[in-house]
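Notes for the structure review
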Amino acid sequence: MLTLMIFLPLVGFVINGTLGRFLPKAISGWLGTAAVFGSFIIALMSFMDLTGDTTMPERIYTKLFTFLHVGNFHVDFAFQFDRLSAVMTLIITGIGTLIHMYSIAYMHEDDGFYKFFAYLNLFIFNMLVLVLGSNYLMLFFGWEGVGLCSYLLIGFWYKNASYGKAARKAFIMNRIGDLGLLMGLFLIYDTYGTFEYQDVFRLVFVGSVESNAVNTAIALLLFIGAMGKSAQIPLYTWLPDAMAGPTPVSALIHAATMVTAGIYLVIRSEAIYALSPIAREVVMWIGLATSIMAALIGLKQNDIKKVLAYSTVSQLGLMFIALGCGAYTAALFHVITHAFFKALLFLGSGSVIHGMHHEQDIRHMGGLRKKMPLTYITFLIGTLAITGFPFLSGFFSKDEILVSAFAHNKLVFALALISAGITGFYMFRMFFVTFHGTYRNSHHAYDKVHESPLLMTLPLLVLAVLSVVGGAVNLPHYLGEGISGILHHTLSYDGGGKFSPILMYPEHMPEIEHTTEWLLLAMAVSVFVIAFLYTRNKYVTQAAVPESDEAQAGMGKVLANKFYVDEAYDTAFVSPIEAAGDVVGTYVDDKGVKGLVDGFGSGSNFISRLLSKIQNGNIEYYLVYMVIGVALLLAFNLF
Amino acid sequence: MSILNIFNQVEISHYIYLSTVLFAIGLFGVLFRRNAIILLMCIELMLNAVNLLFTAFSSYMGDADGQIFVFFIMVVAAAEAAVGLAILVLVYRNTRKTDVSFLDQLKG
């Protein structure tokens, strides 16, 4: 079953990738969707099996074959379906199915329709390998696979050169992170002699290494990998550029699934991180810095997808704060709710872009509320969920992160609260400017703006419902002991001590007083209210429109230009490398290597001309040579 | 004293000297003469120098193997001479010469 679950999307990829061009669009689209939906159904059934039956082992394990076997080095091509993998699998395949369905309508005019679905299926397959592999090498396999699919899908409209550049940027930045991950894996193997999760964590748990420094090094190196994939400072700049891909790709890869791979990696390696407070501090502060910085940049972006992209980076930062505080459940909880509402928001923005005939600048939108009622309602729900409207999914998950931050460090809490508050500002700004006010586009008449077809709005409705009730997977304890903390119990379940749970070290709910907790809640809600009222006043009552790029000044200009990080990277890394490339190209390659190679060519040419003189066609010369040769051979043998 | 005994009384080294000289004459003839007929004759001379050496050693060692080889060589030499002369006749018909330096079509 596990094998079928993983390989269904691969089958979809192979069929669409080979026969896709001969199939009608409807068949190839629904085929891709069905493959992922099949995986989802199997995942759901396996999850029920795993959690419903207390006699079940801690994981379903399938070994397909021996991946590598060289001397003592042994790696199996094996999968494990445990509670953490199960949660990730459900998100990937569940949201994946909705997005596939949505893509059938969104991409219906595209020539590369079958190719798009082939890539999406391949992506789902790689993502499943990433979360379901039973050892670090399988994770790496999936990790590289999703990186490749991300590249393929960002550059899907390859005829546009700048999209191709965005794809390459994503690929290269991920490579930098992957190097860290790879070194982390080498260090794990060097230290513990195995890649299997269970063996590694058991060895870590019993403390088989004398010095804890190596655990810190492993944790930090793995985190570098997570930085690349989950878009944290300093490797985050690829994610906003990745918006060059079709919108469903942004929703699937760059919001709901692939970027959470870094979070998954850290949660999976909890046993290692638990031993290294330093690494956790690093994770937390980097998450915090990323969260605030991305949120600030988001305030001044005018591309509807760019705002969402920076919002994703910011939310990922929040998740890393939770990981740094040791609140793994809170982080995974936010991964789940974020997957719901960010997929919703991205698909909603896709619906807007579709209805607006590929217009992405919110300054050219406005007043879409009446034209696209379904998109409007669902987008509103998504916005409310991400900004922390009470009792929607984002409220609970964000609150849990804030509470654990408060228990860990008051300063971190304050900064995280600010970051969460800014979320409200940029989300409502975008929301009001897009859907309220008056229509401001001169290219397309207002009458031509249309609501999207049912195939696109249906996933929006499903995701909207999930965004509302998604908090149910881990309700806070003050709502009642019986229904709260489901996710927490899932991750900490140890079968009555029969086996080790996902989290080796029991996770304690932060011990804070009830009054303090209510105070924190009140602060979160009031930040939300302030953001809502301020943006509503500015963009609805005063009907302000974000200024044009030229009119930016002061801090706004810095933010609109994303803190000039891209320019700084250009100056610090790209230009020197290009200059060095020029030098190497001119002197080493053109003069050195080319000269050497040409020298070999002309040298052998010269020698062969010289030697060909010997072959002059006169037999007696040949005979002389032969006699000389025989004489030499004889002489050689005699002496 | 039969004639065989006379041969046996000559020392083996004299046979070696003789055949070496014959072989060298043949070799230098091949190398430095241009006339194809003389070339063929010189090759024959070299082969017979070797034959002489074979029989001399055969007699010296009391072993008949060497003489068997001589027969083989004579057969091959006859065939070679036949083929060589046939080629020579054709060359002569085409070029009206028997000078091998004229044949340099295999130039590299």
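Side note on the overall build of chain B
Helix and strand content of chain B: four helices and zero strands. The 108 residues of chain B split such that 23% are buried. Considering only contacts in chain B between residues 6 or more positions apart, those separated by 24 or more positions represent 54%. Summing over all exposed atoms, chain B offers an accessible surface of approximately 7600 Å²; the carbon and sulfur share of this is 72%.

Regarding the side chain of Asn474 of chain A
Residues and elements named next belong to chain A. Tracing the chain through its elements places Asn474 in the loop between α19 (454–469) and α20 (486–492). Under the relative-accessibility criterion, Asn474 is labelled buried at 0%. Within the structure, the side chain of Asn474 is placed 3.1 Å from the side chain of Glu400, a separation counted as a polar contact. Leave out the neighbours within four places in its chain, and Asn474 touches Thr329, Phe333, Glu400, Gly485, Ile486, Leu487 and His488.

Looking at the packing of helix α15 (residues 328–355) of chain A against α19 of chain A
Residue and element names in this part refer to chain A. Closest axis-to-axis distance for the α15/α19 pair is 9 Å, and the angle between their directions is 150°. By the angle class used here, α15 and α19 are roughly antiparallel. Crossing hand, α15 versus α19: left-handed. Of α19, the residues touching α15 (which contributes Phe340, Phe341, Ala343, Leu344, Leu347, Gly348, Gly350, Ser351 and His354) are Met456, Pro459, Leu460, Leu463, Ala464, Leu466 and Ser467.

Points about the domain arrangement of chain A
When cut into domains, chain A gives domain 1 (1–134) and domain 2 (566–638). Between the C-alpha centres of domain 1 of chain A and domain 2 of chain A there is a distance of 53 Å.

A closer look at the environment of Phe563 of chain A
Residue and element names in this part refer to chain A. For Phe563, the location among the structural elements is in the loop between α22 (554–560) and α23 (565–612). With a relative accessible area of 26%, Phe563 lands in the partly exposed category. C-alpha separation for the pair Phe563 and Leu344, spaced 219 residues apart in sequence, amounts to 28 Å. Look past the residues within four positions of Phe563 in its chain and what remains in contact with it is Met293, Leu296, Ile297, Met555 and Val558.

Things to note about the pattern of salt bridges
All names here are of chain A. Applying the stated criterion across every chain yields a total of eight salt bridges over all chains. The partner of Asp82 in a salt bridge is Arg268, and the shortest N-O contact between them spans 2.8 Å. Here the residue Asp82 occupies a position in the loop between β2 (73–81) and α3 (83–106), and Arg268 occupies one in helix α11 (residues 261–268), the gap between them amounting to 186 residues. Here Asp82 and Arg268 have matching classes, each one buried. As a salt-bridge pair, Lys169 and Asp566 come within 2.9 Å of each other at their nearest N and O atoms. Of this pair, Lys169 sits in helix α6 (residues 161–192) while Asp566 sits in helix α23; the two residues are 397 residues apart in sequence, bridging distant segments of the chain. Under the relative-accessibility criterion, Asp566 is labelled partly exposed at 21%. Taken together, the salt bridges that share partners define one network made up of Glu144, Arg175 and Asp178.

Digging into the pairing of β2 of chain A
Residues and elements named next belong to chain A. Of all nine residues that make up β2, seven are buried, and the element is covered over most of its length. As judged from the nine bridges shared by strand β1 (residues 60–70) and β2, these two strands associate in the antiparallel manner. Opposite Ile60, over in β2, you have Phe81 as the bridge partner. A loop of two residues connects β1 with β2, the two strands running antiparallel in sequence, and Gly71 in this loop sits at a positive phi of about 60°.

Here we look at a nonpolar patch on the surface
Residues and elements named next belong to chain A. A cluster of nonpolar side chains, contributed by Val583, Val584, Tyr587, Val588, Val593, Leu596, Val597 and Phe600, occupies part of the molecular surface with about 800 Å² of accessible area. Here Tyr587 is to be found in helix α23. Residue class for Tyr587 comes out exposed when judged on its relative accessible area of 52%.

Examining unusual backbone geometry
Residue and element names in this part refer to chain A. In this structure, Pro234 follows Ile233 across a cis peptide bond, with omega equal to 5°. Examined against the element boundaries, Pro234 turns out to sit in the loop between α8 (213–229) and α9 (238–241). At His357, a position not held by glycine, the phi torsion is positive, near 55°. Among the structural elements, His357 can be located in the loop between α15 and α16 (373–387). Although it is not a glycine, Tyr564 adopts a positive phi angle of roughly 55°. Within the secondary structure layout, Tyr564 lies in the loop between α22 and α23.

Focus on a negative patch on the surface
Residues Glu567, Asp570, Glu578 and Asp582 of chain A make up a contiguous surface patch of negative charge. For Glu567 of chain A, the location among the structural elements is in helix α23.

With respect to the packing of aromatic side chains
All names here are of chain A. The tally for this structure, following the rule as stated, stands at 42 aromatic pairs over all chains. For the ring pair Phe65 and Phe77, a centre distance of 4.7 Å and an interplane angle of 5° mean the geometry is stacked. Taken as a pair, Phe65 in strand β1 and Phe77 in strand β2 lie far apart in primary sequence, 12 residues in all. Judged by centre distance (6.4 Å) and plane angle (20°), the rings of Phe528 and Phe532 are stacked. Placement of both Phe528 and Phe532 in helix α21 (residues 514–541) is noted, with a separation of four residues, approximately one turn of the helix. For Phe532, a relative accessible area of 27% puts it in the partly exposed group. Pairwise contacts between aromatic rings join Tyr376, Phe379, Phe389, Phe428, Phe431, Phe432, Phe435, Phe528 and Phe532 into one cluster. Lying over the aromatic face of Phe171, Arg175 brings its terminal NZ or CZ to 4.3 Å of the ring centre. The side chain of Lys410 reaches across the aromatic face of Phe406, ending 4.6 Å from its centre.

Rules behind the numbers
- Residues numbered from 1 in each chain as written.
- Chains lettered and ligands numbered in written order.
- Predicted model: local features only at pLDDT ≥ 70, side-chain atom pairs only at ≥ 80, totals over all residues.
- Heavy atoms only, no water.
- Helix = DSSP H or I, 4+ residues; strand = E, 2+ residues; numbered from the N terminus.
- Buried < 20%, exposed > 50% of the residue type's maximum accessible area, 1.4 Å probe, protein only.
- Contact = heavy atoms within 4.5 Å.
- Areas by Shrake-Rupley, 256 points an atom, 1.4 Å probe, with all protein chains shown as cover.
- Polar contact = N/O pair within 3.5 Å; in protein donor to acceptor, adjacent residues only side chain to side chain.
- Axes fitted to C-alpha atoms, helices over the stretch in contact; angles between N-to-C directions.
- Parallel < 35°, antiparallel > 145°, perpendicular 65-115°, else oblique.
- Left-handed = near helix turned anticlockwise from the far one by under 90°.
- Domains from an automatic or database assignment.
- Salt bridge = Lys/Arg side-chain N within 4 Å of Asp/Glu carboxyl O.
- Pairing = 2+ DSSP bridges.
- Patch = residues over 30% accessible without salt bridge, like charges linked within 9 Å, V, L, I, M, F, W, Y side chains within 5 Å.
- Lys, Arg positive; Asp, Glu negative; His and termini not counted.
- Charge placed at Lys NZ, Arg CZ, Asp CG, Glu CD.
- Phe/Tyr/Trp six-rings, centres within 6.5 Å; stacked < 30°, edge-to-face > 60°.
- Lys NZ or Arg CZ within 6 Å of the ring centre and 35° of its normal.

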